[in-house]
Every structure is written in structure tokens, then in C-alpha cells.
Amino acid sequence: MLDCIIVGSGPAGGAAAYHLAKNGHSVLVLEKETLPRYKPCGGGVSPAVAQWFDFDFAPAISTTVSKVNYTWTLSDPVEVKLTTEPMWMVRRDVFDGFLLEKAKEQGAQVQDGAAVSALEFKNGAWQVTTSQGNWAARYLIAADGVQGPCAELLGFKAPKTVLAAVLEVEAPPTKPDAAQFDFGSLKNGFIWNFPKTERFTISAGLMGTHKGKAKELQKQLMNYASQIGVDVSQAEYYEHPLNLWSEKRALHTQNALLAGDAAGVADPLLAEGIRPAIFTGVKAAEAIDRAIAGNADAIAQYTQTIADEWGQDMTLAQRLSGLFFKFPKIAYKVGVKRPAAAQVMSRILCGELRYGDVTEQAVKILKRSFLPGQGG
């Protein structure tokens, strides 16, 4: 019997597999797709994730950016030079595959093409039924994304998701050293444009509680792309759901944990998802390591750990998101266009600042702008 089965080979699953295997535990990663697999994603990664590993991520990084450009409907620009380490730009098939290979070097096993169809906790272990066979393990990590079946099979309620999309452009980026964020071109959301080596990815997300329609999202994303000179007939368009942090919820059940997108930990203001996914993978591995060592409370403590060390900040991000996307044009002028504010956003993206460091002042500035006489 295995110590742990991890469903999903993304950043959360790869991180958990690496740390569990490194600590001597028997680990199997199950992936429904054939590896390497494409994943719709902007591909921006905070360099802060390096602190959780003892190897160099350089082979998995397509390029880095040292500047962040912000615009309102492609005008009224502000450019910020990062004072942090350069932000990583990655292709998810390469990045996820690299992390998975590092886990395999530590002894983790990987089975692709294995779609999970049933989960049952029986005789002190999780019995996992897949299209490639059946396995059993004492512990289970569900890291199979927003649309994966495991959260529902484990008895968790379906998450509230928002709509997102990406446009993959196979052409050299016009600004290879800059990440670009545009507000106003997409109603109730924003667009970000991340360069890679010899290509770039344009992403869009509908934020907050805005449902939005797929057809309208595609229209606005294509319009933005055309305005910056992209031949959209030669680009690949993909839609996907985002599971943004919305509230503290249970992320554990009997000998099982949710991690990554399945746990709903993406930033509700900036849509950052890779760093929180890796963070939950690392913390899930730590919890299972302690449980195997005999800590009876380790699995339950995982939910509280994520709430304390990530969720509290995301609650503040959600508060800012509600204000920002209610009055986006004003918020852009007072909350992004100001050089100091733009630098703060960039430092949050790179993991150097937390929302708790800036939210109180930011809310005062926004409220003062929306409601004269308010905010002190």
C-alpha cells in the first residue's frame, strides 16, 4: 500500500509529490491527461516559490520580466521597473513537467492517462479507481484542478467559479521584458499579456461575482488582441474556469486534502494561481508527513494553516477586488496609475509584499475617491 496518492500533476501535485518523496514516503501521482499536457494559463510565477525548494528552477523558466506596464483601455499608461527579483514567465507544460521530474528523482511514481472515476475510504485507506487500474493509499491529495472530479467525490460542494480565457500567440512578443495589465478593455475584469521565448499569452478573467458570458469574453479579448496588432486568425483561443478564493472552507476530510485550484486559493484581485497552488502542495505534504509520523490532528490542521497563512490575505484581496471592480476607472487612476501604488501591486505579484501590509491604506484611498469625505 502506498503512503499517498496525489491526483493531478500541476504545481500543487508536483510540489506535494516532491516533498513527500524527499521525506521517504511512497507517492503516486495520477494524471488524467497524457504528459506533457497543455494547460491554459498566463504563466506568470512569483520568484518567491523558490524558497520552498532546494533546486534551481532556471531550466523551467521561459523568460523573465523586469517591468510591469499598466494601461486603461490601452491608454493612460504607467510603467514600473521591478525592485524585486524578475518575475518568471513559464509554459505550463514545461514548468509542471520539470517539477514532476524533480519529484520522480526523489522516488515518486507517475501514471498519466489515468482518469479517476471513484474514491472509497475502506479498511483505513483510500481505494482509487481509474481508467488505468486501481490503487490504494493511506492518504490522498486532490490536486486535480477546478474541473477535476475528486472534490465532489470526496463530498465537497462544487466551487463558485468565474470565467477566464487565454489566447496563445505564436509570435515574438513586442515587449519581451515586460508583463502588461490592461483594465477597462474587459468589462468586470482585466486582461494580462505575458511574454515567453518567441511567443506570448494574452489572458482575461471576469473577477468577483461577475458571471459574464463566454461569447462576450471572447469578443473583448479578441478586440484587445487586434488592437495590439495580433492576427487573431493565427492564435489559439481557450476558455477555462477560475476558482478564486471566496471564503474560508474545509479543505480536508478523512485522510484526504484539497490542494491547488481544487482548493480555490487563487488571488481574487490579481488572479495569481501558481504560487498559491504550490504553497498548498507544500503544506499538504507537510500535513501528511506529520500524520504519518503519528500526529492525529495534522490533517485537520491543514485547513487552518491555509486559512491563516494564505486565506487571511485573500480575504483582504477580495475586499479590494470588490471596491476596484465596482468603480474600475476611478480605481485605476487612484489605485494603479499612481507610481507608488503600481509598485506595490508589482511587489505583491512577486511575493515581496502581502495584502495585509497595504490594504488599510489602499481602502482609505479608494473610499476617499469614491465617496468624498469618507476614508479619513
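The preceding data block contains the structure.
Note that the structure is predicted; figures quoted are calculated from it, not measured.

Peer 1: Would you mind showing me how to read the sheet that holds strand β4 (residues 63-65) here?
Peer 2: Two pairing modes exist for strands in a sheet, parallel and antiparallel, and in both the strands are linked by backbone hydrogen bonds. With respect to topology, three strands assemble into an open sheet ordered β3-β7-β4, the strand pairing being antiparallel. Each edge of the sheet is formed by a strand with only one pairing partner; in this case those strands are β3 (44-45) and β4. Relative to strand β7 (residues 87-89), β3 runs antiparallel, the two sharing two bridges. Residue pairing for β7: G44 is matched across the bridge by M89.

Peer 1: Mind showing me how you'd approach the sheet that holds strand β6 (residues 75-81) here?
Peer 2: Taken in spatial order, the seven strands line up as β6-β5-β13-β14-β15-β12-β16 in an open sheet, and their pairing is mixed. Each of the sheet's edge strands pairs with one partner strand only, and the pair in question is β6 and β16 (236-242). Here the average twist between neighbouring strands, direction ignored, is 20 degrees. Bridge count between strand β12 (residues 162-169) and β16: seven bridges; the pairing is antiparallel.

Peer 1: Can you walk me through helix α8 (residues 339-349) in this structure?
Peer 2: Each turn of an α-helix holds 3.6 residues, which means side chains three or four residues apart point in the same direction. Among all positions of α8, only A341, A342, Q343, M345, S346, I348 and L349 are buried. Buried positions along α8 lie against β5 (67-72), β6, β7, β13 (178-183), α5 (274-292) and α7 (328-335). Where α8 ends, the next residue or the one after it, G351, has phi of about 80 degrees, a positive value.

Peer 1: I tried to follow the nonpolar core on my own but got confused; where do I start?
Peer 2: One broad trend across soluble globular proteins is that nonpolar side chains are buried collectively. Ranked by size, the top nonpolar core spans 112 residues in total, and within it I6, F53, Y70, I141, F181 and F183 carry the most contacts. If you tally residues by element for this core, the top one is helix α6 (residues 298-326), at eleven residues. The contact partners of I141, leaving out residues within four places of it in the chain, are C4, I5, I6, V7, A16, L20, L257, A259, A284 and I288. Formed by 18 residues, the second largest nonpolar core is a distinct cluster that contains L167, L186, L217 and Y224.

Peer 1: Is there a simple way to explain unusual backbone geometry in this structure?
Peer 2: The phi torsion of most residues other than glycine is negative, and most of the peptide bonds are trans. Between L35 and the following residue, P36, the backbone shows a cis peptide bond with an omega angle of -5 degrees. Counting through the fold element by element, P36 comes out in the loop between β2 (27-30) and β3. For N188, which is not a glycine, the phi torsion comes out positive at approximately 65 degrees. Here N188 lies in the loop between β13 and β14 (189-196). Phi at E198 takes a positive value of approximately 65 degrees, unusual for a residue other than glycine. Among the structural elements, E198 can be located in the loop between β14 and β15 (199-206).

Peer 1: Please explain the environment of K333 as it appears in this structure.
Peer 2: With respect to the secondary-structure elements, K333 resides in helix α7. In terms of polar contacts, K333 uses its side chain to reach the side chain of D76, at 3.3 Å.

Peer 1: Got a minute to help me understand the packing of α6 against α7 in this structure?
Peer 2: Helix-helix packing is described using two parameters, namely the angle between the two axes and the distance between the axes. For the pair α6 and α7, the least separation of the axes is 5 Å and the interaxial angle reads 115 degrees. Overall, the two elements α6 and α7 adopt an arrangement that is roughly perpendicular. Seen from α6, the contacting residues are F324, F325 and K326; seen from α7, they are P328, A331 and Y332. Here the residues of the contact of α6 with α7 sort into five nonpolar, no polar and one charged.

Peer 1: Help me understand the environment of R319, please; the structure alone is not making it clear to me.
Peer 2: Tracing the sequence through the fold places R319 in helix α6. Here R319 falls in the partly exposed class, since its relative accessible area comes to 45%. Along the backbone, R319 and Q111 are 208 residues apart, and their C-alpha atoms lie at a distance of 41 Å.

Conventions adopted
- Residues numbered from 1 in each chain as written.
- Predicted model: local features only at pLDDT ≥ 70, side-chain atom pairs only at ≥ 80, totals over all residues.
- Heavy atoms only, no water.
- Pairing = 2+ DSSP bridges.
- Helix = DSSP H or I, 4+ residues; strand = E, 2+ residues; numbered from the N terminus.
- Axes fitted to C-alpha atoms, helices over the stretch in contact; angles between N-to-C directions.
- Buried < 20%, exposed > 50% of the residue type's maximum accessible area, 1.4 Å probe, protein only.
- Contact = heavy atoms within 4.5 Å.
- Core = buried A, V, L, I, M, F, W, Y, C linked by side-chain atoms within 4.5 Å.
- Polar contact = N/O pair within 3.5 Å; in protein donor to acceptor, adjacent residues only side chain to side chain.
- Parallel < 35°, antiparallel > 145°, perpendicular 65-115°, else oblique.
- Nonpolar A, V, L, I, M, F, W, Y, C, P; charged D, E, K, R; others polar.

Geometric values such as these leave the question of function open.
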